[in-house]
Amino acid sequence: MDRRDFSKNMALAASTVGLGLFSSCKEHPQGEQENVWVSEFEEGYSVSDELSKRMYDKALEITKSKVRGGDSEPFFKEPFIDAAFSPNIFLWDTCFMCCFAKYHMDELPVYQALDNFYDRQEEDGYICREYRQTGEPLWPKTHPVSINPPLLAWAEWELYRVSQNKQRLEDVYPILLKNFDFHVNTYQMEDGLFYGDTLGMGMDNIPRQPRDWEPTEGNGLTHHELGDKLAAMNESPEVKLNYFIKEYVNTKQGVWNKQARLVDFSAQMGMFALQLIDIADAIGQTDEVERLKAFHAKLKTDINTHCWSEEDQFYYDLGFGKQVVRRHIGMYWMLLGELVPEERMESFLGYLSDPEEFYRLTPLPALSAADPDYVGWGDYWLGGVWAPTVYMVLKGLERIRKDELAKDLATKVYRSVATVFEATGTFWENYAPDLVAYGMPAKKDFCGWTALIPIAVYHEFIKS
């Protein structure tokens, strides 16, 4: 697809979206396929070596151009990689960037990016998910929006697998263990599962609560409505940001916390325990290993007792003790957490290859296409295909040796990203599941985590 054809398709997409007609690849009310205007891939289509190299080089170029730190920074003086869409630093963006930066550690200052967060760790192990340029945490520690998914140990282990730097593991192991204990002490509930905030857990606007739930506290706004209110204010960006921080905790999304239990957060904690065990074994500091193994074993029992639906053969978050029947991509952290019993694996994985669920034109949308809130052009986490969660699924499949499925999914996502790259000359924050297009909305020139596709996915799943 050349730039002119791509632009025509995107213009038609925008007009279709504006009419509210495009929601999936299912039959259009007039009987036409809703994605007929999207160029279909020719059978056997593959990305050329030349295009792969251009993508790889461009991703590296963009990432290097956004390295920060130095005299112009009020606080962060050492060079570090950064998503660079904000003057603030973000924990889970940084962790995912490590997963591709590991291949270019001589050019990309990745350790310092992690150290920026370690240096801010508080005595109880707390690390905020976002810090200002001044080094101050953005979010109040008392609300779960203040943390991101606990992926620091994953980032360090991915770096170690390339660098084999045991001294680095020795240096960070106490920090990681203290952070692990903070999460357990703060967010694990009596049923063994973990609660958290939707925004804090990274998938910003994905629906978590039951469809009929209405809060009895707060301001009654959605966080989008709060954003609209801010947009209408004649105030500085800083005033607007502070107002959002203050009022977010009173939105519908902001008050949906302790009454919920999140499968992805719980599974990430299982993964965290396993990675701490790996690190401890690598550096010969095994005093905590039995405790971590016991934690993992109990967590596996608790998740499978409370969150597995025998009827749907899928895992669901809980709300007020009942399963919230919404299928989202975050459930597949269960693979990296090694928490799925063998007898449940095939049926759970079946959703990944089902065109009515996650196997779309561009696979692995954030929300299953079977969900009534699914959006085929993206709308952020209501349907967008995101490099970090794509990479998470692929690495999970790799962990359980489902190499054929991982290769198929990786190839389809890679060629969509390549087609959009060839048409636009750049990478995007997320991509549309039912179009060969960037997501709507999506930031451009985005080599925070999107560089995972042309670099890490290329190395690990595409290159023969």
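Since this is a predicted model, take the numbers as computed values, not measurements. (Residues numbered from 1 in each chain as written. Predicted model: local features only at pLDDT ≥ 70, side-chain atom pairs only at ≥ 80, totals over all residues. Heavy atoms only, no water.)

Visitor: Requested: an account of the overall build of the protein, with residues and values cited.
Guide: From N to C terminus, the protein includes 15 helices and 7 strands. Expected size for 464 residues packed as a compact globule is a radius of gyration near 23 Å; at 21 Å, the protein falls within 12% of this value. Counting over 464 residues, the protein shows a buried share of 59%. Within the protein, contacts between residues separated by at least 24 positions form 69% of all contacts whose residues are at least 6 apart in sequence. Roughly 18,600 Å² of accessible area belongs to the protein as shown, and the carbon and sulfur atoms make up 49% of that amount. (Helix = DSSP H or I, 4+ residues; strand = E, 2+ residues; numbered from the N terminus. Rg over C-alpha atoms; globule rule 2.2 N^0.38 Å. Buried < 20%, exposed > 50% of the residue type's maximum accessible area, 1.4 Å probe, protein only. Contact = heavy atoms within 4.5 Å. Areas by Shrake-Rupley, 256 points an atom, 1.4 Å probe, with all protein chains shown as cover.)

Visitor: Could you give an account of the packing of aromatic side chains, naming the residues involved and the relevant values?
Guide: To describe a pair of aromatic rings, one takes the distance between the centres and the angle between the planes. Taken as a whole and judged by the stated rule, the model has 43 aromatic pairs. Ring plane angle 80° and centroid distance 6.1 Å describe the contact between Phe 182 and Tyr 187, whose orientation is recorded as edge-to-face. Three or more aromatic residues link up through ring pairs in this structure, and these residues are Phe 85, Phe 90, Trp 92, Phe 96, Trp 154, Trp 333, Tyr 380, Trp 381, Trp 386, Tyr 391, Phe 446 and Trp 449. Stacked on the ring of Phe 85, the Lys or Arg Lys 443 has its end atom at 5.1 Å from the ring centre. (Phe/Tyr/Trp six-rings, centres within 6.5 Å; stacked < 30°, edge-to-face > 60°. Lys NZ or Arg CZ within 6 Å of the ring centre and 35° of its normal.)

Visitor: Can you lay out helix α2 (residues 49-65) for me, pointing to particular residues and giving the numbers?
Guide: For α2, built from 17 residues, the straight-helix expectation of 24 Å at 1.5 Å per residue is met to within 8% by its first-to-last C-alpha distance of 24 Å. All of the buried residues in α2 are Leu 51, Ser 52, Met 55, Tyr 56, Ala 59, Leu 60, Ile 62 and Thr 63. Across the axial projection of α2, the buried residues extend over an arc of 165°, all falling on one side. Exposed positions of α2 whose direction lies more than 90 degrees from the buried face are Lys 53 and Ser 65. Buried residues belonging to α2 abut α3 (91-101), α14 (403-424) and α15 (453-462). (Expected span 1.5 Å × (residues − 1). Arc of directions from axis to C-beta.)

Visitor: Break down the pattern of salt bridges for me, citing the residues and quoting the values.
Guide: Scanning the model with the defined rule gives 38 salt bridges in all. A single salt-bridge network, built from bridges that share partners, covers Lys 102, Glu 158, Arg 161, Lys 395, Glu 398 and Glu 460. (Salt bridge = Lys/Arg side-chain N within 4 Å of Asp/Glu carboxyl O.)

Visitor: Which residues make up helix α13 (residues 387-399), and what are the values?
Guide: Owing to its 3.6 residues per turn, the α-helix brings residues three or four apart onto one side. Along its 13 residues, α13 runs 18 Å from first to last C-alpha, staying within 8% of the 18 Å computed at 1.5 Å per residue. For α13, the full list of buried residues reads Ala 387, Pro 388, Thr 389, Val 390, Tyr 391, Met 392, Val 393, Leu 394, Lys 395, Gly 396 and Leu 397. Contacts from the buried residues of α13 go to α3, α5 (152-163), α11 (333-336), α12 (342-349), α14 and α15. One or two positions beyond α13, positive phi appears at Arg 401, with a value near 65°.

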